[in-house]
Amino acid sequence: MSIQNFYYTVTSTRSFFIQMVFTLNAIYYVMQADLNALELVLIGTIMEVSVLIFEMPTGLFADHFGRKKSLALGTLIIGLAHVLEGSMPEFWAIAVASAMWGIGWTFISGAEQAWIADELDGTNLETTFLRGSQFSSFARFSAILASVGIAMLWTVQIAILFAGAMLIVLAVWAYVKLPETKFVKITREIGVSGVAHMMTTIQSGASQIRGNTVLVSIAMVTLFWGLASEGFDRLYGAHFITDYQLSESESIYWFGAFYAVAFLLNIVVLHVVEKNVNGRYAEVLILANTVLIGTMIVFAWTGHFWLAVAMYWVASALRNVNYPLMSIITNERIESKGRATTLSMFGQLDAFGQIAGGPIVGLLALYTSLSGGITASALLIVPVIFFLWRMKGRMTVS
């Protein structure tokens, strides 16, 4: 099996089982765990706080002990988290599982990109990341059908437990089977304390970012994407249910359709981008995010249900273009040694943005309207256009 196929297998299989849970967990939280609105918000906050706290230590773990070990451990923790939440439909168990999920994801986030980038010697990243996103989107689409089927045959709880157990199996397989031949370990000098070693590694990663205008722009783009994304993710569902008065049974069918079509559209859009990007990453991102702002605003204020549905699908597809293209730009500009730690800094910025942006947009929506909150999320993307344009100029010069 080629290294790319190992990458596609791990990312798409993990996406499949995680999406199985994500498709059903809202129903599980409300119907079986009986969580109220505050508890639902706290679950998301707990997850993002754990990401913010653990992004840096887990990045250092990956750079010191190996990226394969880190992503396998992260997958294991996420699997255990889903087994815990599926076993006990109570707030405390789900809250602990959410914290575990955030920690598990931090072990994966920087390490996985660093692992594949190193194994490919930094070459062919464009095709690998874009095609990997397509495979993952198809896996998530398939997971929607699988999760609904299992839930109908048995229960929502069984579907969540099954997905968690299979993630544990995937973690073991990844640890045993994934090749890791290009890893450059960060070693600690004799007489240097662990804290001093950690600070030196962090300072090295920060100096890479500070010394590169493109990486500074990426950092700011990541922050504003985080500020904008949490509000939209929390409010779009309430906007559909409340403003268009969907019943509970209608919501189940519609949200399944929302996910399914969004993933199919994402596959198509990523395929078109892969065939036509030709290294023009910044230009594509500028266009995608400009259209995204307008799409989110129309979604927020249109009174026509089908137009709102169409705008949601377009917005979802455009948002999923951002990650693989930015991953290419970032990995092409950072050194292999300490790569996971540097990538974790960007993950930490995203988590900070989501922690700060979610409550701000939520409060605005509370005191104005859901449409006002979604519009605020769209406007938080406006600075992204400036930094992408700045980045484009530097990439053209270089």
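Nothing here was measured: the structure is a model prediction, and the numbers come from that model. Here the residue index of a chain counts from 1 through its sequence in written order. Since the coordinates come from a predicted model, pLDDT governs what is reported: local features require at least 70, and pairs of side-chain atoms require 80 or more to be given and counted, while whole-chain, interface and lining totals use all residues. Only hydrogens and water are set aside when side-chain values are computed; all heavy atoms of the structure are taken into account.

Quick look at the overall build of the chain now. The helix and strand tally for the chain stands at 14 helices and zero strands. Helices and strands appear in the chain in the N-to-C order α-α-α-α-α-α-α-α-α-α-α-α-α-α. Three labels apply to residues, based on accessible area from a 1.4 Å probe with only protein chains included: buried if under 20% of the type maximum, exposed if over 50%, partly exposed otherwise in between. The buried share among the 398 residues of the chain stands at 54%. Two residues form a contact once any of their heavy atoms are found within 4.5 Å. In the chain, 86% of the contacts between residues at least 6 apart in sequence involve partners at least 24 apart. Here the Shrake-Rupley method, with its probe set to 1.4 Å, supplies the accessible areas, and only the displayed protein chains count as covering residues. Within the structure as shown, the chain displays about 17100 Å² of accessible surface, and the carbon and sulfur contribution to it stands at 68%. Numbering of helices and strands runs from the N terminus, with a helix taken as a DSSP run of H or I at least four residues long and a strand as a DSSP run of E at least two residues long.

Let's shift gears to the nonpolar core. Among the nonpolar cores identified, the biggest contains 99 residues, and Phe240, Phe299, Leu325 and Met326 are the most heavily contacted of them. In terms of residues, this core owes the most to one element, helix H8 (residues 213–243), which gives 14 residues. Residues within four places of Met326 in sequence aside, it is in contact with Ile218, Val221, Trp225, Leu285, Leu388 and Met391. Residues belong to a common nonpolar core when they are buried Ala, Val, Leu, Ile, Met, Phe, Trp, Tyr or Cys residues joined through side-chain atoms within 4.5 Å.

Attention now moves to the pattern of salt bridges. As a working rule, side chains carrying opposite charge can pair if their charged atoms are close by. By definition, a salt bridge exists where a carboxyl oxygen of Asp or Glu is found within 4 Å of a side-chain nitrogen of Lys or Arg. All told, the structure shown has three salt bridges when counted by the stated rule. We note a salt bridge from Arg14 to Glu112, for which the minimum N-O separation is 2.8 Å. Taken as a pair, Arg14 in helix H1 (residues 3–32) and Glu112 in helix H4 (residues 91–119) lie far apart in primary sequence, 98 residues in all. Judged on exposure class, the residue Arg14 and its partner Glu112 are both buried.

Aromatic rings from Phe, Tyr and Trp, with only the six-membered ring used for Trp, were paired whenever their centres fell within 6.5 Å, and each pair was classed as stacked if the ring planes differed by under 30 degrees, edge-to-face if by over 60, and tilted otherwise. Taken as a whole and assessed by the stated rule, the structure comprises 22 aromatic pairs. When the ring of Phe240 is compared with that of Phe258, the centres are 4.4 Å apart and the planes differ by 25°; the resulting orientation is stacked. Of this pair, Phe240 sits in helix H8 while Phe258 sits in helix H9 (residues 248–276); the two residues are 18 residues apart in sequence, bridging distant segments of the chain. Of the two residues, Phe240 and Phe258, both sit in the buried class. Counting every residue linked through ring pairs, the aromatic cluster contains Phe232, Phe240, Tyr244, Phe258, Phe299, Phe305, Trp306 and Tyr312. Think of it as a cone above the ring: NZ of Lys or CZ of Arg counts as a charge over the ring if it is within 6 Å of the ring centre and within 35 degrees of the ring normal. Seen from the ring of Tyr175, Lys68 lies directly overhead, with NZ or CZ sitting 5.8 Å from the centre.

For helix H6 (residues 156–177), spanning 22 residues, the distance from its first C-alpha to its last is 31 Å, which sits close to the expected 32 Å at 1.5 Å a residue. Among all positions of H6, only Val156, Ala159, Ile160, Ala163, Gly164, Leu167, Leu170, Ala171 and Ala174 are buried. Take H6 and look down its axis: the buried residues cluster within an arc of 135°, on one side only. More than 90 degrees from the buried face of H6, the exposed residues found are Val172 and Val176. A helix is expected to reach a length of 1.5 Å times the quantity of its residues less one. When we speak of the arc, we mean the arc of directions from the helix axis to the C-beta atoms.

In this section: the environment of Gly353. Tracing the backbone through its elements, the reader meets Gly353 in helix H12 (residues 339–367). Along the backbone, Gly353 and Leu227 are 126 residues apart, and their C-alpha atoms lie at a distance of 4.2 Å. The residues touching Gly353, leaving out its near neighbours within four places in the chain, are Leu223, Gly226, Leu227 and Gly358.

On to the side chain of His239, then. Along the chain, His239 turns up in helix H8. Classification of His239 as buried rests on a relative accessible area of 1%. Throughout this description, a polar contact denotes any pair of N or O atoms lying within 3.5 Å of each other; where both atoms belong to protein, one of them has to be capable of donating a hydrogen while the other can accept it, and for residues adjacent in sequence the pair is counted only when both atoms sit in side chains. There is a polar contact of 3.1 Å between the side chain of His239 and the backbone oxygen of Phe299. Among all residues touching His239, those that are not within four sequence positions of it are Tyr244, Phe299, Ala300, Leu370, Ser371 and Ile374.

As a further point, take a nonpolar patch on the surface. Patches here are clusters of residues that have more than 30% relative accessible area and form no salt bridge, with a 9 Å joining cutoff for like charges and a 5 Å cutoff for nonpolar side chains (Val, Leu, Ile, Met, Phe, Trp, Tyr). Taken together, Val49, Ile53 and Phe54 make up a surface patch of nonpolar side chains, about 230 Å² in accessible area. Examined against the element boundaries, Phe54 turns out to sit in helix H2 (residues 37–65).

Quick look at the confidence of the model for the chain now. On average, residues of the chain score 82 in pLDDT, and 86% of them reach the 70 mark or higher. Ranking the elements of the chain by mean pLDDT puts helix H7 (residues 194–210) last with 54 and helix H3 (residues 67–87) first with 95. By definition, pLDDT measures how confident the predictor is in each residue, and it falls between 0 and 100. Across residues 190–194, confidence stays below pLDDT 50; counting only partners more than four residues off in sequence or on other chains, it has three contacts.

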